[in-house]
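The primary structure of each chain is shown beneath.
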Amino acid sequence: MNRIALRFISFAIIILIFCTLDVSAQSVSIDPPNLQLYVQDQPGVYEAQQPVYVGVQLDNWTITCTAEPLINLNGDGQISLDQIYIDHDLVSEFVPLNTTIDLGTGTSSDPGFESIINTLLFKVVTTGYENSGKYVGIVRFFNADVEVAMLTLTVQIDARFNFDVSASAANVVTLVPDIYSADRFIDLYFDTNQDNWHLEASIISSSAAQINDDNLFIRCDRSSFTGDDGAGVGYRLLGLNQTLFIVDQLVEQQFAARIEIKFRSNWHLPKGVHQATLQLLVPETQEFRLIELSIEVLEYNVMSLSETGVYFHANGPPRVWNGDKSTTLTIGSNSDFWSVVCEATDLTSPDDVIPRDRIFMKIDPDDFTGNEGAGTGFHSLQQQIEVADGTPTPPVEVCTMQFKLKTLDIDRPGHYEGVITFTYLSSP
């Protein structure tokens, strides 16, 4: 064990001595050896805040340099050699570092001392399409064909995220409960050098509790969703998933996306104009845009009777006769308050008239317990009767009605007809 350890230590010392001798033997110096470039006066133009000095300590020298592209440390692209520029004492302006650059040839008048043979300025010009992140590259220096030094260039490109919309408002008009489209689509415009972000949508406020993420649908042409949450292929219900699309790796820095909006109305949504705010948010950057939705709900009502006629077969002596069937009333309404009243006409025949005060109706449910001539709970239709009332409701059977007719010995035989009219009334 000891002999093995000693051999390992001896090997490490040899390597250390070799590296130290190599560094001390360098005859070309670059000061500073690391250079950070920053945006100066022009957007997209990165320059160093100090020059780089090239010093030599040689009898004879021919110094050149070449560059390598600046590589994004995140692995998202590079800055090409055509975008890296150098200015030095032998040229009158910046030239691209896409070829070998001649920095000077000469002999030393005093070989024992280092001489500064050139002063270098560096500049990087970006296109605006580079991804954000730190870019690092190398400039290599040669004496004749022998590499003698190198300079590290660093450019930090800050994140950019611009987000805009073609419209900040949309309108929806609804009738009976159904799914309705907004009056316009909305284009989203992005200009960014960032990846790994996503876009979310949600309702952040509304003037009615019935307008929320559970009845708003959005389809986005950049979404990977191809299902149907209830409003058509590709339409996503916000209450199920607020993510519209994800950008894992940026393919293009300027692009557009289109969203289409649908709204599902319901019987409990009051009539009138309601406001809701749709937020489009990029959580990673906290960039957001607001779309103001105006949802106009028109009044809608449904009223139906299970029967269109009731018959009385008064084929005997005068008495109270039952109608041949009952009638059920169905109501659907989005009114704040509604009621249904009924009113009867007299029954007439070619030879006679039976007045409407001898037509009776019982309503179930009803709290009327009086007797107006046809038994407990039966109303005389001599005047208008309120049949039912309520608040917003989907179509539902609200009551059942039974009818009776009272005949007298003065009534002549014949076929009598009359009409009972049911009228729906609503208030805002």
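As shown above, the structure is provided for reference.
Residues numbered from 1 in each chain as written. Predicted model: local features only at pLDDT ≥ 70, side-chain atom pairs only at ≥ 80, totals over all residues. Heavy atoms only, no water.

A. Geometry of the overall build of the protein. Helix and strand counts for the protein stand at one helix and 35 strands. Scaling as 2.2 N^0.38, a compact globule of 428 residues should have a C-alpha radius of gyration of about 22 Å, whereas the protein reaches 44 Å, well beyond that. The principal-axis extent of the C-alpha atoms belonging to the protein is close to 150 × 65 × 30 Å. By sequence separation, contacts in the protein at least 24 residues apart represent 71% of the contacts at least 6 residues apart. Accessible surface, the protein: about 23,000 Å² in total, of which carbon and sulfur atoms supply 51%. Each charge class in the protein can be summarised by its mean position, and for the 23 positive and 56 negative side chains these summaries are 12 Å apart. (Helix = DSSP H or I, 4+ residues; strand = E, 2+ residues; numbered from the N terminus. Rg over C-alpha atoms; globule rule 2.2 N^0.38 Å. Contact = heavy atoms within 4.5 Å. Areas by Shrake-Rupley, 256 points an atom, 1.4 Å probe, with all protein chains shown as cover. Lys, Arg positive; Asp, Glu negative; His and termini not counted. Charge placed at Lys NZ, Arg CZ, Asp CG, Glu CD.)

B. Highlighting the state of the cysteines. What the rule picks out here adds up to zero disulfides. With no disulfide of its own, Cys 342 has Cys 399 as its nearest cysteine by sulfur position, at a separation of 9.2 Å. (Disulfide = S-S within 2.5 Å.)

C. Broad picture of the packing of aromatic side chains. This structure, assessed with the given rule, holds ten aromatic pairs. Aromatic side chains Phe 161 and Phe 190 sit 6.2 Å apart centroid to centroid with 75° between the ring planes, which places their arrangement in the edge-to-face category. In this pair, Phe 161 is assigned in strand S14 (residues 161-165) and Phe 190 in strand S17 (residues 186-192), connecting sequence segments 29 residues apart. The exposure class assigned to Phe 161 is buried, which follows from its relative accessible area of 8%. With 5.3 Å between their ring centres and 85° between their planes, Trp 267 and Tyr 300 make a pair best called edge-to-face. (Phe/Tyr/Trp six-rings, centres within 6.5 Å; stacked < 30°, edge-to-face > 60°. Buried < 20%, exposed > 50% of the residue type's maximum accessible area, 1.4 Å probe, protein only.)

D. Structural view of a nonpolar patch on the surface. On the surface, Val 173, Leu 175, Val 176 and Leu 298 cluster together to form a nonpolar patch covering roughly 300 Å² of accessible area. Mapped onto the elements, Leu 298 comes out in the loop between strand S24 (287-297) and strand S25 (301-305). Overall, Leu 298 belongs to the partly exposed group, its relative accessible area being 31%. (Patch = residues over 30% accessible without salt bridge, like charges linked within 9 Å, V, L, I, M, F, W, Y side chains within 5 Å. Salt bridge = Lys/Arg side-chain N within 4 Å of Asp/Glu carboxyl O.)

E. View of the sheet that holds strand S35 (residues 420-427). Pairing in this open sheet of three strands is antiparallel, and the strands run S33-S28-S35 from one edge to the other. The outermost strands of the open sheet, each flanked by one partner alone, are strand S33 (385-390) and S35. On average, each strand axis in the sheet is tilted by 20° relative to the strand beside it, whichever way the strands run. Sheet topology places strand S28 (residues 337-344) next to S33; five bridges connect them, and they run antiparallel. Counterpart to Cys 342 in the pairing with S33 is Ile 385. (Pairing = 2+ DSSP bridges. Axes fitted to C-alpha atoms, helices over the stretch in contact; angles between N-to-C directions.)

F. Structural view of the pairing of S24. Of the pairings in the sheet, the one linking strand S15 (residues 169-174) to S24 comprises six bridges and is parallel in character. Of the residues in S24, the one forming a bridge with Ala 169 is Glu 292. Looking at chain direction, strand S23 (residues 272-282) and S24 are connected through eleven bridges and run antiparallel. For Thr 277, the partnering residue across the bridge sits in S24 and is Glu 292.

G. A look at the sheet that holds S24. Across the sheet, five strands lie side by side as S15-S24-S23-S18-S21; this open sheet has mixed pairing. A single partner strand is all that each edge strand has here, and the edge strands are S15 and strand S21 (243-247). Strand after strand, the sheet turns through a mean of 25° between neighbouring axes, direction not considered.

H. Seen up close, the environment of Asn 118. Structurally, the position occupied by Asn 118 is in strand S11 (residues 115-125). As a C-alpha pair, Asn 118 and Val 52 span 66 residues in sequence and 8.5 Å in three-dimensional space. Only 3.3 Å separates the side chain of Asn 118 from the side chain of His 88, close enough to count as a polar contact. Among the polar contacts made by the side chain of Asn 118, one reaches the main-chain carbonyl oxygen of Leu 103 at a distance of 3.0 Å. (Polar contact = N/O pair within 3.5 Å; in protein donor to acceptor, adjacent residues only side chain to side chain.)

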